[in-house]
Amino acid sequence: MSDNPFSSNLLDKSETKPSLLEEDSNTLSLNNISDLSKNDNSASLTYSTKTVEETITALSTDGKNGLSDLNDIKSRQDEYGENECKSDDDDEPLIIQFLKTFTEDPLILLLIASAVVSFLMGNTDDAVSITMAIVIVVTVGFVQEYRSEKTLEALNELVPMECHLIRNGNSNANILASTLVPGDLVVLRTGDKVPADIRIIESVNLNINESSLTGETTPVLKNCYPVKSMGDTIPIAERSNIAFMGTLVTDGSAKGIVVGTGKNTMFGKVFEMMNAIKKPKTPLQQAMDKLGKDLSYFSFILIGVICLIGVIQGRSWLTMFQISVSLAVAAIPEGLPIIVTVTLALGVLRMANKKAIVKRLPSVETLGSVNVICSDKTGTLTMNMMKVTKLWTLGSMENENHIMDIENKKQTHGIYNDFIKTLNNSDTMDKKKFCDIYKLLECGNFCNTAIYSNEQYKYIGNPTEIAIMDLLKEFGLQDKRNDLKYEKKYELPFNSSRKYMAISLKNDDLYVKGALEKVLSNSKYYMSSAGKREKLTTELKAKIQNTEKTLALEGLRIIAAATGNLNKNDTLKSDDDVNDLTFLGLIGMKDPPRPHVAESIEHLLEGQVHIIMITGDSPTTALSIAGQIGIPLDLANPENNMITGDKLDHMNEDQLADVIDRVNVFARATPNHKLMIVKALQKRGDVVGMTGDGVNDAPALKLADIGIAMGKNGTDVAKEASDMVLVDDDFSTILSAIEEGKGIFNNIQNFITFQLSTSVAALSLVLLSTLFNLPTPLNAMQILWINILMDGPPAQSLGVEPVGHEVMKKPPRKRDEKILTYKLFKRVLQSAICIIIGTLFIFVKEMVDGEITKRDTTMTFTCFVFFDMFNAVACRHTTKSIFEVGFFNNKMFNYAVGLSLLGQMCAIYLPFAQSIFNTEALSLYDLLFLLMISSSVFIADEVRKHYSKEKELLSQGVFSQV
Ligand SMILES: Nc1ncnc2c1ncn2[C@@H]1O[C@H](COP(=O)(O)OP(=O)(O)OP(=O)(O)O)[C@@H](O)[C@H]1O
Ligand SMILES: [Ca+2]
């Protein structure tokens, strides 16, 4: 099985929510890791003691431009192979694997034994038939298992890992990590996952979380200095100049040379060891295993009883033995766990097509029970395509009635046109006008990290900052950052906790931009239109706040700007260096909601999912956007549905848990608040989906029941901590995933119903006829054929039943709700009883002549198979009539049933099959009669659906589960 080393093991949720099973696999690996460095001759050890220059020379590469020679790269690729860890547990040829399956199942061995006994006793016919049946049963099982493995493998390829590579002097951030070779020059930034074992050659405050290798969760500081060799080895944790594959950059940045790839990395070694450990099963798979075991015990007892009674009644013990063993094969749904796995895996692949990548199979099960979704606003609910639409300065525009409207320039005369005129002929105009507007724009220019890409002909970087650069371009203003005169000296970078940024120039001019509260609280002055510094009174501050509110009411993101001077000895290391500012003005930018978000929110609300928007923007902006996308708000008092970050700081989890049911918006929130929100929700018993993209979102993503990372704008750290990745960052994708999750669960219940009812019917049929001292209605071969139908394609195809939007109308499944519900058992019983009565009826009716002929068993056998096919049709949906579901929208199902019926016809009409199954040809009239009888199971279920629907309509609930 090939595994992508970068995607976490699908079935393994180890670091996040360890279960008993997983924990010991973890400790096992951790214990072994301490041995790892003992007899280690890996590249990371060799190069950790070398200097940067020695490393570069030894790998014949370049510390600035990376590898350049294509032939050289090619030959390195040939020598070291792909940068991937592959496990090699399927080296065995298929045929050997196939033959092995014959010996793995004790029941099959028993069957083989009975064939041998038959042969020895001279019943060659029986021996041949049983052997044929065994081969068919085993083949179907093998093919299914093989497919399931292939599907699981496909899942591993879903999250290809990218890295930032420099070759031939060209830097490219989206290179597949699997192409790396030793000698490659790689850039590491905050949030990245390390793509190979890398010797660091340059670093700035590089902090790496190595818990995936060492178990130690505190990040380690790395540098580029050689490590002193002490004896023949250096513990992994002390190789301070090596960034190990699979570890996470939590802060800082670095450049480094790849020294080890694929198997030659520390990760590769751990991977090999982990591989020997069996992957833990998902809760659902465990439940299926348990169900299988319970059923086995139950059927063994029953079969024992049947066998005993039969022998007491004086029937041939060999026949009884064969029937018992076949019955055991049939009654035990040994295909169930496989079908569950395949269904989950196919569901994951379908979700991937819809741009939601589920990283671990168990998450699919959780998706259907999510009842709260906490979502970021910017980029997930909105497009993250910022555009400046409004500008405002206190000096030139006075109050909220005078705002420069950039979007609707045609309509607004006054200030916009006047300002544009000064832009066009700056010589003739009054130099003492609009100085504050120019300064505001200048601040937006200096406080900016967006860079112009000559390849893409546009600015790239932070969308908020790109919007400002685009505005400057629209006004025809130059990017002053390129001017040496204005060279940047210090920078206090923006982050979502700080909510502002500041930079200082060579001449100690200070520029600040960010959230209004932050800027205003440090402002003492404002700039007049003539460029003078004026005192900022409380009254004027109120005016500024009013204007911000007016702008935010439109849903605009507001950036405030200010300027000042940096004190002599300050270096902008802390917030204290920013004070005594001169307020400049406000920039309002529009970020429209994504197109289908409102619709998705409506569907989720219908499904009783509580939607919470978490944003760093101001309360007014947040509420406005929330209103636009249909998040429920109390219109008279929207504040009732919102909590701000400051308030949150003064609450504890319990207090939050008490009120969170009515909270739909968190404004001015920081990433750290997310953790508290998840905890408060989980305290109430909610099943939480939480989105995130940054390094500090990781704890909340891990804790959430479904952590959802952004594929485009998210860091590797966030993706690593999450259970699901949204390829396009679009909120609507979450809806699709939840729909699939719920649907898959329904499908699983449906095919379990199908399998269990078949199994119960077959067992009971033989038991009853034995009890009533009737001849056995089905022979061993017939029972085995029924087993194929039950464990094979028809059941599997029920697992891929398309999911309709109406699944969202059902409330989320309770966290601890069993898959085998009381309702499900009732369905199973109803169908089984139908089948038993119908089949017995045919059997008894055919037998009235007192003698059991081929015709009698053929009728009974066919009747059972027809019953089963109608039963399958009934199992396609839990509550909806087949006439609503439609007969043709599950192609695979129709093929499976068609093939099964064709097989049945062969069994009755082909002479060769007739001798195996002990059958004879039936007339068309017989077939029609059987169809009529067997359709009763389907009709009974339609009646059940009709009544259960009425009940469901009566029981509509509200918001949360608790
Ligand atoms: N690049 C920036 N420079 C300065 N200030 C900014 C910048 N980006 C945002 N801000 C300010 O910080 C506030 C909050 O931004 P933050 O980054 O916390 O939100 P976000 O995470 O982008 O949005 P959301 O939480 O809705 O996804 C904004 O309202 C704005 O005032
Ligand atoms: Ca079976």
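You'll find the protein entered in an unreviewed UniProt entry as Calcium-transporting ATPase 1, with Hanseniaspora guilliermondii given as the organism. According to UniProt, the comment filed for the protein under the heading Function (unreviewed entry) is "This magnesium-dependent enzyme catalyzes the hydrolysis of ATP coupled with the transport of calcium. Has a role in the secretory pathway." UniProt annotates the protein under Sequence similarities (unreviewed entry) with the comment "Belongs to the cation transport ATPase (P-type) (TC 3.A.3) family."

A few words now on the overall build of the protein. Scanning the protein from N- to C-terminus turns up 35 helices and 26 strands. The buried share of the protein, taken over its 962 residues, is 54%. Surface accessibility of the protein: about 41600 Å² in total, with carbon and sulfur atoms responsible for 58%.

The tally for this structure, following the rule as stated, stands at 33 salt bridges. Among the ionic pairs, Glu740 bridges to Arg350, the shortest N-O distance being 3.2 Å. Taken together, the positions of Glu740 in helix 27 (residues 731–771) and Arg350 in helix 12 (residues 336–353) put the pair 390 residues apart, joining distant regions of the chain. On the basis of relative accessible area, Arg350 is assigned to the partly exposed category, the value being 24%. Its salt-bridge partner being Lys674, residue Asp697 comes within 3.3 Å of it at the nearest N-O pair. In this pair, Asp697 sits in the loop between strand 24 (688–692) and helix 25 (698–703) while Lys674 sits in helix 24 (residues 671–683), placing the two residues 23 residues apart along the sequence. Taken individually, Asp697 and Lys674 each receive the classification buried, so the pair is uniform in this respect. It is possible to trace a salt-bridge network through shared partners that takes in Arg350, Lys354 and Glu740.

The next subject is a nonpolar patch on the surface. A surface patch of nonpolar side chains, about 800 Å² in accessible area, is lined by Leu109, Ile112, Val116, Phe119, Leu120, Met121, Val311 and Trp317. At five residues, helix 6 (residues 106–120) tops the list of elements feeding residues into the nonpolar patch. The residue Ile112 is located in helix 6 in this model. On the accessibility criterion, Ile112 (31% relative accessible area) is partly exposed.

With that settled, the discussion passes to the sheet that holds strand 24. With mixed pairing, eight strands are arranged side by side in an open sheet as 8-26-25-24-9-21-23-22. The open sheet is flanked by strand 8 (356–358) and strand 22 (642–644), the only strands paired with a single partner. On average, adjacent strands in this sheet sit at an angle of 20 degrees to one another, irrespective of strand direction. Both strand 24 and strand 25 (residues 706–710) contribute to a ladder of four bridges, which runs parallel. Counted as the bridge partner of Gly692 is Ala709 from strand 25. Of the strands in this sheet, strand 21 (610–614), strand 22 and strand 23 (665–667) touch helix 21 (residues 619–628), which is tilted by about 150 degrees from strand 23.

What follows concerns the UniProt feature "transmembrane region" (unreviewed entry) in the protein. Look at the UniProt record and you will see "transmembrane region" (unreviewed entry) annotated at residues 102–121, 127–143, 295–313, 325–349, 824–844, 856–874, 895–916 and 922–940. What you have in residues 922–940 is 89% helix and 0% strand, and the ends, taken at the C-alpha atoms, are 27 Å apart.

Our focus in this paragraph is the site of ligand 1. Lining the immediate environment of ligand 1, one finds 20 residues, of which Thr378, Glu465, Thr615, Gly616 and Asp617 sit closest. Backbone polar atom of Lys377 to an oxygen atom of ligand 1: 3.5 Å apart, as the coordinates give it. Taking Glu465, its side chain carries an N or O atom lying 2.8 Å from a nitrogen atom of ligand 1. Here ligand 1, which alone exposes 630 Å², has 91% of that area covered by the protein. Looking at the shell around ligand 1 element by element, the count peaks at three residues for strand 19 (residues 557–565). Classifying every residue of the shell around ligand 1 gives five nonpolar, seven polar and eight charged. There are two domains that each give the shell around ligand 1 at least three residues, and those are domain 3 (371–382 + 594–729) and domain 4 (388–590).

We now examine the packing of helix 28 (residues 780–791) against helix 31 (residues 854–874). Relative orientation of the contacting elements helix 28 and helix 31 amounts to 10 degrees, with a least axis distance of 11 Å. Comparing the axis directions of helix 28 and helix 31 gives the class roughly parallel. Here helix 28 contributes Gln782, Trp785, Ile786 and Leu789 to the contact with helix 31, which in turn contributes Thr857, Phe861, Phe864, Val865, Asp868 and Met869. Tallied by class, residues from the contact of helix 28 with helix 31 come to seven nonpolar, two polar and one charged.

Our focus in this paragraph is the pairing of strand 24. Extensive coverage of strand 24 is indicated by the burial of five of its five residues. What you see with strand 24 is no split at all: Val688, Met690 and Gly692 on one side and Gly689 and Thr691 on the other are buried throughout. As defined by bridge partners, strand 9 (residues 372–376) adjoins strand 24 across three bridges and the pair is classed as parallel. The residue of strand 24 that forms the bridge with Ile373 is Gly689. Tracing the backbone out of strand 24, into helix 25 and back to the parallel element strand 25 gives a crossover that is right-handed.

The biggest cluster of nonpolar side chains holds 131 residues, and the ones touching the most others in it are Leu604, Met613, Met724, Phe731, Ile748 and Ile752. Ranked by the residues each element gives to this core, the list is headed by helix 27, at 18 residues. Not counting residues up to four positions away in its chain, the partners in contact with Ile748 are Leu284, Val340, Thr343, Leu344 and Ile819. Leu391, Phe446, Ile503 and Ile587 belong to the second-largest nonpolar core, a separate cluster that totals 62 residues.

The topology assignment puts Ser934 in helix 35 (residues 924–954). Not counting residues up to four positions away in its chain, the partners in contact with Ser934 are Cys863, Phe866, Phe867 and Phe870.

Another aspect to go through is helix 19 (residues 538–553). For helix 19, with 16 residues, the first-to-last C-alpha span of 23 Å sits near the 22 Å given by 1.5 Å per residue. Leu540, Ile544, Thr547, Glu548, Leu551 and Ala552 are the residues of helix 19 that are buried. Angularly, the buried residues of helix 19 cover 135 degrees about the axis, an arc narrow enough to put them on a single face. Exposed residues on helix 19 whose side chains face more than 90 degrees from its buried face are Thr538, Glu539 and Leu553.

About the thresholds
Residues numbered from 1 in each chain as written. Chains lettered and ligands numbered in written order. Predicted model: local features only at pLDDT ≥ 70, side-chain atom pairs only at ≥ 80, totals over all residues. Heavy atoms only, no water. UniProt positions renumbered as here; feature names shortened; annotations may be inferred. Helix = DSSP H or I, 4+ residues; strand = E, 2+ residues; numbered from the N terminus. Buried < 20%, exposed > 50% of the residue type's maximum accessible area, 1.4 Å probe, protein only. Areas by Shrake-Rupley, 256 points an atom, 1.4 Å probe, with all protein chains shown as cover. Salt bridge = Lys/Arg side-chain N within 4 Å of Asp/Glu carboxyl O. Patch = residues over 30% accessible without salt bridge, like charges linked within 9 Å, V, L, I, M, F, W, Y side chains within 5 Å. Pairing = 2+ DSSP bridges. Axes fitted to C-alpha atoms, helices over the stretch in contact; angles between N-to-C directions. Contact = heavy atoms within 4.5 Å. Near = heavy atom within 4 Å. Polar contact = N/O pair within 3.5 Å; in protein donor to acceptor, adjacent residues only side chain to side chain. Nonpolar A, V, L, I, M, F, W, Y, C, P; charged D, E, K, R; others polar. Domains from an automatic or database assignment. Parallel < 35°, antiparallel > 145°, perpendicular 65-115°, else oblique. Right-handed = clockwise from strand over helix to strand, strands pointing away. Core = buried A, V, L, I, M, F, W, Y, C linked by side-chain atoms within 4.5 Å. Expected span 1.5 Å × (residues − 1). Arc of directions from axis to C-beta.

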